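Commentary on secondary and tertiary structure
Residue strings, one per chain:
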Amino acid sequence: MIAPSPTGSGGPTRPILEIDRLKTHFFTRDGVVRAVDGVSCVLYPGETLGVVGESGCGKSITALSVLRLIARPGRIVEGDIRLAGRSLLAVSEAEMRMIRGNEISMIFQEPMTSLNPVLTVGRQIAETFILHQDLSRRAAHDKAVEMLRLVRIPEAERRVHDYPFQLSGGMRQRVMIAMALSCNPKVLLADEPTTALDVTIQAQILHLMLDLKERLGTAIILITHDLGVIAETAQRAVVMYAGRKVEEASVEVLFERPRHPYTLGLMKSVPRLDKAAYDAKRRRLAEIPGMVPALKKIPAGCIFEPRCAFAAERCRRETPPLEEHAPGHWSACWEQARVAASVAHG
Amino acid sequence: MTDATPAATEVDEHGSESVDLAGFVRRNPTVTLGSILLLAILLVAVFAPLLASGDPQALNPIQRLRPPSAEHWFGTDMYGRDVFTRTIHGSRISLVVGSLVALISVGFGLVIGLVAGYLRVVDGIVMRVMDGLMAIPDILLAIALMALFRASVTNVVIAVTVPQVPRVVRLVRAVVLTIRERPYIEAAQSIGTRFRRILTKHLLPNTIAPLIVQATYTGAAAVLTEAGLSFLGAGTPPNIPSWGNMMAEGRTYFQVAVWILLFPGMFLAITVLAVNLLGDGLRDALDPRLRRRL
Amino acid sequence: MANLQSDPGRPPLLAVSDLKKHFPVRRGIFGRTTGHIHAVDGVSFTLAHGETFGLVGESGCGKSTVGKTILRLIEPTAGDIVLDGVRITDAVESEMHPHRRKMQIVFQDPYSSLNPRMTAGDIVSEPLFNYGLASGKARNDQVRSLFVRVGLRPEDMRKYPHEFSGGQRQRLGIARALAVGPKLIVGDEPVSALDVSVQAQVINLMMDLQDAFGLSYIFIAHDLAVVEHISHRVAVMYLGKIVELTDKKSLFTTPLHPYTEALLAAVPIPEPKAKKRRVILAGDVPSPIRPPPGCRFHTRCPYAEEVCRRVEPPMQEVRPGHEVACHLRQPSTP
């Protein structure tokens, strides 16, 4: 079930992060919410993997599961997560704390609530150095200034004493990136890092992230609902729906010839600046009818079937497995051939 | 648009939530316990003459300072009066004062708070007056007011209500200030809803929940204040038994006849506990985010 | 001022001239006013019947304030608002009542824009009650038909807002706005808080309603692709002012203002092979309390010249139907 993929560079490379049939369930009073229900995924060193999906699809929970940050009533019930071959579910909490912020870092959507409002940004960045690299306060402070310069915050020596509320949204996100990258982690989990930012600031931040990735060699998992961001920054992408992975492919192939009705539906329902018609008659966007299902009542058969334009009889009865239908292109759909064909004909 | 825990945004199939008593008790133990205790005290107060058939004022000097026995369940006091009968009848005063104060202070506080919160012009003056009242400790204010009038239960209610009103006003005003900025208030304005209807249909229903909780706390505070006033001799007139004046009288006999002080004290503590439990439980139960669990 | 109207003979539904809104900044115990936030600083445009006017800009540019000020939910500091030929800028609340029928608003947040303690049916019928448009069974029927019109089930009338999904709540907000039969609906980021697939549903719904009822929209958003899809004309705002105003085709194919260029370049395109025109703006948006002198954009403009730092550029019609406020774009320049 693990999907290997072309790495671009010759020769087989070992993945830096493997998520193997992960299931994270939440045991609530109203029933079991299967937030992540059997997701497998592989990340290679230095690459950017995009995870696309709408709210409730489980993409954030997957990232939090990697860092073992799932609190009650949630629990990882099945599967494994391996960092450079080492199982993260088998290590102790103390060891996990040494991994967080050090080998795997995470940045979040809302920079204001992710930064401690009563500590200066310098203190917060220095904390990672003190904790993971055993530096003195002085040395850690200097490193913090260095990191602020790295993320291109002007007047870093002065800004290091600022509190989060004195910085703009874009700057706060840069601080978060500085914190996350300070110990040169192997993996960076970015959970909707630019969704709350203005589009011009978003462009700056994405540009910065990619630049740093080149320099530091960090592998990035970029979680977002914005297809444009995925197209621009990721090499491979995974599409998630209702706690499962429904499609995976390189970004070029995914956008050109999707093999899952949900992916196709998403792409057609987004208004496109590059495909604007400008004729007098405005067109309707292609809708995906219905809503995301409640994660407690999982039907038999394909989970997308009630909303699917390509649904066949088999889809109602049997859940389609995730299979490699084209080299490096995985999809969980009985009708994927029809989906791909429909795209070809425009 | 991330959620740390999955958001329950699905549509309920049936659209209604069935009543499940056992589940309710399990999910809201504080409300249940508080309600049961309070109900017990209430029944005691209502059925006092049936539970304690004697006359609470009946003097019986021969039987003075007797410890609890089969004949006098809670013993007798320094005048030979049955402590049990007096305790049971005393519950009436406490509950009457507690509930009246809660109702009246919430009533006044609601109106003043709504207007102060919504009309900036009125706000400044009203809040300065309220701040002034709150600066005086409530029992002192109550004593001062009682000093102006003769002792009676009515006057006790008034004296205990006045210090509580500013607290309610402050709460209501805070809630109104928060809600006033919500888009649905702006929406109401945009669809032509007039001022009075915005107050009654939009602001008021959203202040009810915290107000109910505040009412229970006010009731508890009122019971205690009344007891304190009576203890100090500034409250309920001594011929009417109240837990406060019973405890005052029992104070000097504390070392020889502790039961005179003990039983009214216990009942007082249980009543205040019950009201506080109810208030705490209601605060959690009425939290809109948890509403579906109710 | 040029008007692009479907029916040139008909006067515009809405005419906004030099609209300003300054919020006082109060400091100290006595609440002294130490400055003003120039949220909206001289905005002018017209809106024709049946037209969608898109208003784009990033956070803090004042676009939401413009929408709410037009509706008189916020009092304007200066300027004029003329709705259907009637000047409503200074109307007192009782005078505003009949005018409110003509203009409604749909808010961004589907959660806080509905009273959590009213049923869906009550929420939608409230405007009918306010204007005495129907009562009893007739009102009930109207609410039912409104529900159907926006794609909700009439059986759900008795449910409370928290029982609906985000997209459904937004539909409720639209139903409420439609109830009194307005001519203008201001959409204050109506789809920004919705999932992508739900966005498409609501955008389609709004377009269908416009065709059915001849509604005009002021569509306020920061998502350029959505604005492009739904609008006829578009204005770009920066720090309280409109910097460019034209029909959507001109704006998106031949933008004239450097800020518009930067905005368009910054939008990520869902096409991996697309060539990116990289004009990444440096810096952050300046403070609206002390806007930069001269052209407000000069601090971040890659083409800024001396005159830009000193003199504020006026809004000029540089090409037919295309207005822009930039010293480097003059009407004589081809």
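This structure is a prediction, so every number in the text was calculated from the model and none was measured.

Counting its regular elements, chain A contains 13 helices and 12 strands. Taking the principal axes of the C-alpha coordinates as reference, chain A spans close to 65 × 55 × 50 Å. Put simply, chain A has 346 residues, and 51% of those count as buried. For chain A, restricting intrachain contacts to residue pairs at least 6 apart in sequence, the fraction spanning at least 24 positions comes to 67%.

Attention shifts here to the overall build of chain B. Summing up its helical and strand segments, chain B has 11 helices and zero strands in all. Counted from the first residue to the last, chain B has its helices and strands arranged as α-α-α-α-α-α-α-α-α-α-α. Dimensions of chain B, computed from C-alpha atoms along their principal axes, come out at roughly 75 × 50 × 30 Å. Split into buried and exposed, the 294 residues of chain B put 41% on the buried side.

What follows is about the pairing of strand β11 (residues 316-319) of chain C. Sheet topology places β11(C) next to strand β12 (residues 322-324) of chain C; three bridges connect them, and they run antiparallel. Directly across from R319(C), in β12(C), lies its bridge partner H322(C).

Between its first and last C-alpha atoms helix α4 (residues 83-118) of chain B spans 51 Å; for 36 residues at 1.5 Å apiece the expected length is 52 Å, and the two agree. The buried count for α4(B) comes to 26 of 36 residues, which makes it a mostly enclosed element.

Quick look at the environment of G62(C) now. Mapped onto the elements, G62(C) comes out in the loop between β3 (52-56) and α1 (63-70). Sequence-distant contacts of G62(C), defined by excluding residues within four places in its chain, comprise A39(C), V40(C), M237(C) and G240(C).

Turning to the pairing of strand β2 (residues 31-43) of chain A, a few remarks are in order. Regular strands place their side chains on alternate faces of the sheet. Residues and elements named next belong to chain A. As judged from the nine bridges shared by strand β1 (residues 17-28) and β2, these two strands associate in the antiparallel manner. By the bridge assignment, I19 is partnered in β2 with C41. Hairpin connection between β1 and β2: a loop of two residues separates the two successive antiparallel strands.

So, on to unusual backbone geometry. Negative phi characterises most residues that are not glycine, and trans characterises most peptide bonds. All names here are of chain A. Following R72, the chain continues to P73 via a peptide bond in cis, the omega torsion being 5 degrees. Considering the arrangement of structural elements, one finds P73 in the loop between α1 (59-66) and β4 (74-83). With phi around 55 degrees, R68 is a residue other than glycine that occupies positive phi space. Its place among the elements puts R68 in the loop between α1 and β4.

Residues L43(A), I221(A) and V236(C) are the most contacted members of the largest nonpolar core, which totals 259 residues. If we ignore the near neighbours within four places in the chain, the residues touching V236(C) are V56(C), G57(C), I242(C), V243(C), E244(C), H257(C), Y259(C), T260(C) and L263(C).

Bringing the interface of chain A and chain C into the picture now. Each side of the interface is counted separately: chain A has 39 residues, and chain C has 33 residues. For the side of chain A that touches chain C, the secondary structure elements donating two or more residues are α7 (169-181), α8 (199-216), α9 (227-233), α10 (251-256) and α11 (261-269) of chain A. The dominant element in the side of chain A that touches chain C, judged by the number of residues it contributes, is α8(A), at six residues. For the side of chain A that touches chain C, the per-class residue count stands at 18 nonpolar, 11 polar and 10 charged.

Residue and element names in this part refer to chain B. Viewed as axis vectors pointing N to C, helix α6 (residues 138-148) and helix α9 (residues 195-231) meet at an angle of 55 degrees, and their least axial separation amounts to 10 Å. Here α9 runs oblique to α6, going by the angle between their axes. As α6 runs across α9, the sense of the crossing is right-handed. Counting all contacts with α6, which are made through D138, I139, A142, I143 and M146, the residues of α9 involved are T225, G228 and L229. A class-by-class count of the residues in the contact of α6 with α9 yields five nonpolar, two polar and one charged.

At the junction of the two partners, chain C supplies 26 residues and chain B supplies 18 residues. By residue number, the principal contributor to the side of chain C that touches chain B is helix α3 (residues 120-130) of chain C, which donates three residues. By residue class, the composition of the side of chain C that touches chain B is 10 nonpolar, eight polar and eight charged.

Turning our attention to the sheet that holds β2(A). Residue and element names in this part refer to chain A. In space, the four strands of this open sheet follow the order β2-β1-β4-β5, with antiparallel pairing throughout. Only two strands of the sheet have a single partner each, and these edge strands are β2 and β5 (86-87). The pairing of β1 with β4 spans eight bridges and is classified as antiparallel. Bridge pairing in β4 places D20 opposite D80. In this fold α1 packs onto β1, β2 and β4, with an angle of close to 110 degrees to the strand it touches most, β1.

Right, let's get into the sheet that holds strand β6 (residues 103-106) of chain C. Residues and elements named next belong to chain C. Pairing in this open sheet of eight strands is mixed, and the strands run β6-β7-β8-β3-β9-β10-β12-β11 from one edge to the other. The sheet is open, and its two edges are formed by β6 and β11, each paired on a single side. Neighbour-to-neighbour, the strand axes of this sheet turn through a mean angle of 20 degrees, independent of strand direction.

Residues and elements named next belong to chain C. Here L209 is to be found in helix α6 (residues 196-213). Between the alpha carbons of L209 and E75 there is a distance of 29 Å; along the sequence they are 134 residues apart. Apart from the residues within four sequence positions on either side, L209 is in contact with L178 and L215.

All right, on to helix α9 (residues 258-266) of chain C then. Every α-helix carries 3.6 residues per turn, so stepping three or four residues along brings you back to the same face. Restricting attention to buried positions, one finds in α9(C) the residues P258(C), Y259(C), T260(C), A262(C), L263(C) and A266(C). In this structure, the buried residues of α9(C) make contact with α8 of chain A together with α7 (224-230), β9 (233-238), β10 (241-247) and α8 (248-253) of chain C.

With that out of the way, let us pick up the packing of α7(A) against α8(A). Residue and element names in this part refer to chain A. Between α7 and α8, the least distance of the axes is 10 Å, while the angle of their chain directions is 15 degrees. One element, α7, and the other, α8, form an angle in the roughly parallel class. As for how α7 packs across α8, the hand of that crossing is right-handed. Of the residues in α8, those in contact with G169, G170, Q173, R174, I177 and L181 of α7 are I201, Q204, I205, L208, M209, L212 and L216. For the contact of α7 with α8, the residue count by class is eight nonpolar, four polar and one charged.

Take the environment of P331(C) next. Residues and elements named next belong to chain C. With respect to the helices and strands, the residue P331 is situated in the segment after β12. The spacing of P331 and C301 is 30 residues in sequence and 20 Å in space, taken between C-alpha atoms. When neighbours within four sequence positions are excluded, P331 is seen to be in contact with Q316, E317 and V318.

All right, on to the confidence of the model for chain B then. Residues and elements named next belong to chain B. With 90% of its residues at a pLDDT of 70 or more, chain B shows a mean pLDDT of 82. Summarising per-element confidence for chain B, the mean pLDDT is lowest in helix α1 (residues 21-27) (74) and highest in helix α8 (residues 183-190) (91). Model confidence for the complex: the whole-complex pTM is 0.82, and ipTM, which rates the interface, is 0.84.

Parameters and conventions
Residues numbered from 1 in each chain as written. Chains lettered and ligands numbered in written order. Predicted model: local features only at pLDDT ≥ 70, side-chain atom pairs only at ≥ 80, totals over all residues. Helix = DSSP H or I, 4+ residues; strand = E, 2+ residues; numbered from the N terminus. Buried ≥ 20, exposed ≤ 12 C-beta atoms within 10 Å, placed from the backbone. Contact = placed C-beta atoms within 7 Å. Pairing = 2+ DSSP bridges. Expected span 1.5 Å × (residues − 1). Core = buried A, V, L, I, M, F, W, Y, C linked by C-beta atoms within 7 Å. Nonpolar A, V, L, I, M, F, W, Y, C, P; charged D, E, K, R; others polar. Axes fitted to C-alpha atoms, helices over the stretch in contact; angles between N-to-C directions. Parallel < 35°, antiparallel > 145°, perpendicular 65-115°, else oblique. Left-handed = near helix turned anticlockwise from the far one by under 90°. pLDDT = per-residue confidence, 0-100.

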